[in-house]
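Structural characterization, general
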Amino acid sequence: MMQTDIRELNERIRLESSFIELLTKEMDKVIVGQKHMTESLLIGLLSNGHILLEGVPGLAKTLAITSLSKAIDSKFSRIQFTPDLLPADLIGTLIYSQKNEDFQIKKGPVFANFVLADEINRSPAKVQSALLESMQERQVTIGDETFKLPDPFLVMATQNPIEQEGTYPLPEAQVDRFMLKVVISYPKQDEEILILRQNINNTFAVIDAVVKPQDIIRAREVVREVYMDEKIEKYITDIVFASRYPEKYNLKKLEGFIAFGGSPRASISLAMAAKAYAFIKRRGYVIPEDIRAVAHDVLRHRIGLTYEAEAENMTSEDIINDILNTVEVP
């Protein structure tokens, strides 16, 4: 790509991404800290992927996605997953109308731009797969009719890492459907003092709708145009291949720890997330730092660990760190 083309593209993306600042400003009104979570939501939104959030209760997970949907002037729905939830509670069902003497379709809460699937691991596989199907296909079949889901459509599923009793963990193959798995931690002490004050004084800012759903759809097209050099493409595939064949990348020590590595979905997600990250940083091209910034969220749920790894207290985070520290950076 010519230097002038890059310069033009850079300038265009700087203009096109100006709304990111507006969105972030709105979210910062109500969310203290948790920058990484906010950034991940934007990455998912811009690259048309879904997000799995893991964190203890009370870390503003619900607040983050409601704030984002308000700022984008779009429809939001929250589904609390429970063991007795049925797929029909999620996607909708046919209801018999005596007045019209026929069945009418009642759409479920999945028909929204932003869907919060709260504690997804509380529901049985049948319900989980109904949600995952709508995530993948972007459509839902009720009776013999198929309905397209609204666009943009973003699912943020949360799971609570502390209680494992009475939960139905998502199978590895299904977790792969999530573009990012984001682990969030407690706020810093000064941030928590702010949160405390806001809640005690009941001083919550009102979020204004600053962006339209159409703006997001247009921005996604622009994100795809972010320039990615062949060297960066090779870097992405090197990272993913190192998770499959560590011995080929001087990582023989990881050989017994990895049950399976990232799928081609991991490479695609790394590329898309890095482009979205560059866009958020208002840059028209991807640099290796972008890949490193999103690598943990894209890969942490895509690397399977062996019993040996668990016995050695080796986590997928450790494996990703080793890979990033060993694979040659372009």
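What you see is a predicted model, and the numbers here were worked out from it, not measured in a lab.

**So, the pattern of salt bridges**
This model, assessed by the stated rule, comprises 22 salt bridges. In this structure, Arg218 and Glu16 form a salt bridge, with 3.5 Å as the shortest nitrogen-oxygen distance. Within this pair, whereas Arg218 is found in helix α9 (residues 213-225), its partner Glu16 is found in helix α1 (residues 3-16), the two being separated by 202 residues in sequence. Residues joined in a network through salt bridges with shared partners are Glu16, Asp215 and Arg218.

**A look at unusual backbone geometry**
In this structure, the amide linkage connecting Asp151 to the following residue, Pro152, adopts the cis form with an omega of -5°. With a phi angle near 70°, Ala60 is a residue other than glycine that sits in the positive phi range. Taking relative accessible area as the criterion, Ala60 reaches 24% and is therefore assigned partly exposed. Phi is positive for Asp73, close to 55°, though the residue is something other than glycine. For Asp73, the position within the fold is in the loop between α4 (61-71) and β2 (76-80). Among the residues examined, Asp73 registers a relative accessible area of 40% and is labelled partly exposed.

**As for the packing of helix α3 (residues 35-46) against helix α11 (residues 264-280)**
In a pair of packed helices, the angle between the axes and the distance between the axes together describe the arrangement. Taken N-terminus to C-terminus, the directions of α3 and α11 make an angle of 115°; their axes are 9 Å apart at the nearest point. In this structure, α3 meets α11 at a crossing whose hand is right-handed. Contacts between α3 and α11 involve Glu39, Leu42, Ile43 and Leu46 from the former and Ala273, Ala276, Tyr277, Phe279 and Ile280 from the latter. The residue makeup of the contact of α3 with α11, split by class, is 8 nonpolar, no polar and 1 charged.

Calculation notes
- Every chain's residues receive numbers from 1 upward, in the order its sequence appears when written.
- In view of the model being predicted, local features appear only for residues whose pLDDT reaches at least 70, and side-chain atom pairs are presented and counted only at 80 or more, with totals across whole chains, interfaces and linings using the full set of residues.
- Excluding hydrogens and water, the side-chain values take into account all heavy atoms of the structure.
- A pairing counts as a salt bridge when a side-chain nitrogen of Lys or Arg comes within 4 Å of a carboxyl oxygen of Asp or Glu.
- To qualify as a helix, a DSSP run of H or I must reach at least 4 residues; to qualify as a strand, a run of E must reach at least 2; elements of each kind are numbered from the N terminus.
- Only protein chains enter the accessibility calculation, which uses a 1.4 Å probe; a residue whose area is less than 20% of its type maximum is buried, one above 50% is exposed, and one in between is partly exposed.
- Under this scheme, a helix contributes an axis fitted over its contacting stretch, all axes are lines through C-alpha atoms, and angles between N-to-C directions fall in the 0 to 180 degree range.
- Take the far helix as your reference; a near helix turned counterclockwise from it by less than a right angle gives a left-handed crossing, and one turned clockwise gives a right-handed crossing.
- The criterion used for residue contact is that any of the two residues' heavy atoms lie within 4.5 Å.
- Classes in brief: Ala, Val, Leu, Ile, Met, Phe, Trp, Tyr, Cys and Pro nonpolar; Asp, Glu, Lys and Arg charged; the others, Gly included, polar.

Keep in mind these values describe shape, not function.
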